[in-house]
Amino acid sequence: MNADHPSAEGKIPESPQSYWIESAPPSSFPPLNENIDVDYAIVGAGITGITLAYLLAEKGHRVALFEANQIIHGTTGNTTAKITVQHDLIYDELIKNFGVDQALLYYKANNEAMKFIQRTAADLHIDCEWSEEDAYLYAQTAESASKLELEYKAYEKLGIPGELVQNIPLPIEVCAALRLSGQAQFHPVKFMNGLLAHFVKAGGRVYEHTRIDGKVEQGDRQKIWTMDGKQITCRHVIASSHFPFYDGLGLYFTRLHAERSYIIAMKPIADYPGGMYLSVDEPKRSLRSVTINGEQMVLIGGETHKTGQGEPTYEYYQNLERFGEQTFGIQDIPYRWSAQDLLTLDKVPYIGPITASHPNVWVATGYKKWGMTTGIAAALLLKDQLMGQENPYTELFTPSRFKPDPGIKNLIVENFDVAKQLIGGKLEAVSRKADSLGLDEGSVIQINGKRAGAYRDTEGKLHLVDTTCTHMGCEVKWNNGDRSWDCPCHGSRFNFKGEVLEGPALQPLPTIDYDG
Ligand code: FES
């Protein structure tokens, strides 16, 4: 792919494509077409699902891994792939909300995850372009510099070996920065492909395009079903699928929200000095290097917004390009892509039994953009829990925890926002008609006096869907960068034909026939 540079005149970039996926396409696997019996059924084939599958199969267990779409094509294949314990500003807040001991466990769990990747890549001879880097958080205002100081004090309390510095190697003016050496970056799909190959060699089974419906029948053995009725019987079910495919009255849709963010891979005019960077101030900018076809390029990420609540997507790419141009000068932008992340109420992932009354149904979700370490930490923790082994991180990550601060406040804020989106979407006036849509354009339109979602493809064919989200009835919005219908309430996404790309929705948007 060689997308035009830049998308300057408000042009929508061609369909985004992750460099990671294009440069190391994962293998394909068939859908499940029979009933099966296994020890562990893992639903969701991203970083947690694949790592856990590998760990369990290595111990001789019968494991089946299910993916609703294509493996590794979710957030794992669309990340910036920084491997660090420096998860933005977090440790000061964790100490305030969870206490020093739990904050320290958060650090240790992620540090162990980092070491696991390095050790496993070496042991299994996976060439995943591991490269050790300094990580920097940088502040450009006095206010954010004071936040960095608080974070630095938290590092000191926890024994995290960071340093406050006055400059960073980038051509960016800063007030202060927090440097943490010994962090890393890698090629996430190459690492995942390597683990997956070992999983399959150990007898593991992988099924793509196999969506699991929203039911679990509990018993001595658990039963789940695919959307077309194939039954899977197992000892344990693990949901590693962003929103869990089964809620189990855990009310995950009230405790998680989805955000989208954007990445460009650019060839700079000025040399990139190495290192991984994240701004403390808004708008957030995340940077790292990557070698593409032998040339050093820079990944720039940022422009986060709640799913279904953003501006036209090309504006996000333009903003990243403008920053790249100002900072380094741009020769080319060979790749652009976007990612979706889930965030919990208290910024700590949910990992463990889906509810206290479901001892054999497990969940791992809410990595807040730091899934390269927390996703691995989840797999390591779940492996121990499934084997009945003690693990020091159980309490920290337990999904049934509830921290009044900030839990209650965020619960109210998030669910007020859902109500606002639900009502606002229903009241929105729609005046556009189908014949006003140009090629490769989508919009909510009016057809026969009713609201419909319309996309006219590059051949001129009109695709119409019902815009009422099949999860809980909010009105989906058109995402012109990804050519998808995105729900502003809990982040479900559907392609232009209405097929589910991301849950919690399980059912597609109904299509609408129109011969006008
Ligand atoms: Fe919940 Fe759409 S994702 S209503």
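Definitions and cut-offs
- Residues numbered from 1 in each chain as written.
- Predicted model: local features only at pLDDT ≥ 70, side-chain atom pairs only at ≥ 80, totals over all residues.
- Heavy atoms only, no water.
- Disulfide = S-S within 2.5 Å.
- Helix = DSSP H or I, 4+ residues; strand = E, 2+ residues; numbered from the N terminus.
- Buried < 20%, exposed > 50% of the residue type's maximum accessible area, 1.4 Å probe, protein only.
- pLDDT = per-residue confidence, 0-100.
- Contact = heavy atoms within 4.5 Å.
- Core = buried A, V, L, I, M, F, W, Y, C linked by side-chain atoms within 4.5 Å.
- Pairing = 2+ DSSP bridges.
- Axes fitted to C-alpha atoms, helices over the stretch in contact; angles between N-to-C directions.
- Phe/Tyr/Trp six-rings, centres within 6.5 Å; stacked < 30°, edge-to-face > 60°.
- Lys NZ or Arg CZ within 6 Å of the ring centre and 35° of its normal.

Can you break down the state of the cysteines residue by residue, with the values?
Under the definition given, this model contains one disulfide. What pairs with C474 in a disulfide is C489, and their sulfur atoms sit 2.0 Å apart. Looking along the S-S bond of the C474-C489 disulfide, the torsion reads about -85 degrees, which is the left-handed sense. With C474 in the loop between β21 (462-465) and β22 (477-479) and C489 in the loop between β23 (484-486) and β24 (493-495), this pair connects stretches of sequence that are 15 residues apart. The two residues C474 and C489 agree in class, both being buried.

Can you break down the confidence of the model for the chain residue by residue, with the values?
For the chain, the average pLDDT comes to 92, and 94% of its residues sit at 70 or higher. Confidence over residues 1-10 falls short of pLDDT 50; this stretch has 33 contacts with residues more than four positions distant or in other chains.

Before we move on, could you go through the nonpolar core and cite the residues and values that matter?
Among the nonpolar cores identified, the biggest contains 91 residues, and Y91, F191, F199 and F397 are the most heavily contacted of them. The greatest single-element share of this core, amounting to ten residues, is contributed by helix α4 (residues 100-123). Core analysis: the next-biggest nonpolar cluster, separate from the first, contains 27 residues, A239, F245, L345 and V361 among them.

Let's hear about helix α3 (residues 91-98): which residues, and what values?
Helical geometry: 3.6 residues make up each α-helical turn, so side chains three or four residues apart lie on a common side. Most of α3 sits out of view: six of its eight residues are buried. Taken together, the buried positions of α3 are Y91, D92, L94, I95, N97 and F98. G99 sits one or two positions beyond α3 and adopts a positive phi of about 95 degrees.

Could you give me a rundown of the pairing of β21, with the residues and numbers involved?
Alignment of strand β20 (residues 450-456) against β21, held across four bridges, turns out to be antiparallel. Looking at the pairing, G453 lines up with V465 of β21. The turn joining β20 and β21, which pair antiparallel and follow one another in sequence, is formed by five residues; a positive phi near 95 degrees is taken by G460.

So what's going on with the pairing of β20? Residues and values would help.
In terms of residue burial, β20 counts as a mostly covered element, since five of its seven residues are buried. Bridge analysis of strand β19 (residues 441-447) against β20 gives seven bridges, and the strand direction is antiparallel. What sits directly across from I447, in β20, is K450. With antiparallel pairing between neighbouring strands as the criterion, β19 and β20 make up a hairpin whose turn holds two residues, including N448 at a positive phi of roughly 50 degrees.

Before we move on, could you go through unusual backbone geometry and cite the residues and values that matter?
The peptide bond linking E282 to P283 adopts the cis configuration, its omega dihedral lying at -5 degrees. On the secondary structure map, P283 appears in the loop between β13 (276-279) and β14 (285-292). Looking along the chain, the bond that leaves G503 and enters P504 is cis, with omega of 20 degrees. Among the structural elements, P504 can be located in the segment after β25 (500-502). Phi is positive for E129, close to 60 degrees, though the residue is something other than glycine. Inspection of the secondary structure assignment puts E129 in the loop between α4 and β5 (131-139). Classification of E129 by relative accessible area gives partly exposed; the value is 30%. The backbone of D440 sits at a positive phi, close to 60 degrees, despite the residue not being glycine. The residue D440 is located in the loop between α11 (404-427) and β19 in this model.

Tell me about helix α9 (residues 371-386), and name the residues and values.
When you tally the buried positions in α9, you get 16 out of 16 residues, the bulk of the element. Residue G388 follows α9 closely and has a positive phi angle near 75 degrees.

Before we move on, can you summarise the sheet that holds strand β3 (residues 63-66) with the specific residues and values?
Sheets are built from strands that pair by backbone hydrogen bonding, the pairs being arranged parallel or antiparallel. Strand order in the open sheet formed by six strands is β8-β3-β2-β11-β18-β17, with mixed pairing between adjacent strands. Taken across any chain shown, the strands that pair with only one partner, and hence form the sheet edges, are β8 (205-207) and β17 (350-353). Pairs of neighbouring strands in the sheet enclose a mean axial angle of 15 degrees, with direction left out of account. Bridging between strand β2 (residues 40-43) and strand β11 (residues 236-239) involves four bridges; their strand directions are parallel. The partner of I42 across the bridge, within β11, is I238. Together, β2, β3, β11 and β18 (361-365) form the strand contacts of helix α2 (residues 47-58), whose direction differs from that of β3 by roughly 170 degrees.

Before we move on, could you go through the packing of aromatic side chains and cite the residues and values that matter?
Taken as a whole, this structure holds 19 aromatic pairs when the rule is applied. Relative to Y277, the ring of Y136 lies with its centre 5.0 Å away and its plane at 10 degrees, an arrangement referred to as stacked. With Y136 in strand β5 and Y277 in strand β13, this residue pair connects regions lying 141 residues apart in the sequence. Of the two residues, Y136 and Y277, both sit in the buried class. On the numbers, 6.2 Å between centres and 85 degrees between planes, the contact of Y272 with Y277 is edge-to-face. For the pair Y272 and Y277, a shared accessibility class is recorded, and that class is buried. Over the face of the ring belonging to Y252 we find R255, whose NZ or CZ atom lies 4.5 Å from the ring centre. Above the plane of the ring of Y350 lies R255, whose end atom (NZ or CZ) is 4.6 Å from the centre.

Help me get a handle on the sheet that holds β24, residues and values and all.
Taken in spatial order, the four strands line up as β22-β23-β24-β25 in an open sheet, and their pairing is antiparallel. Edge strands, defined here as strands with exactly one partner in the open sheet, are β22 and β25. Here the average twist between neighbouring strands, direction ignored, is 35 degrees. Pairing analysis gives three bridges linking β23 to β24, with the strands arranged antiparallel. Paired with W485 across the two strands is F494, which belongs to β24.

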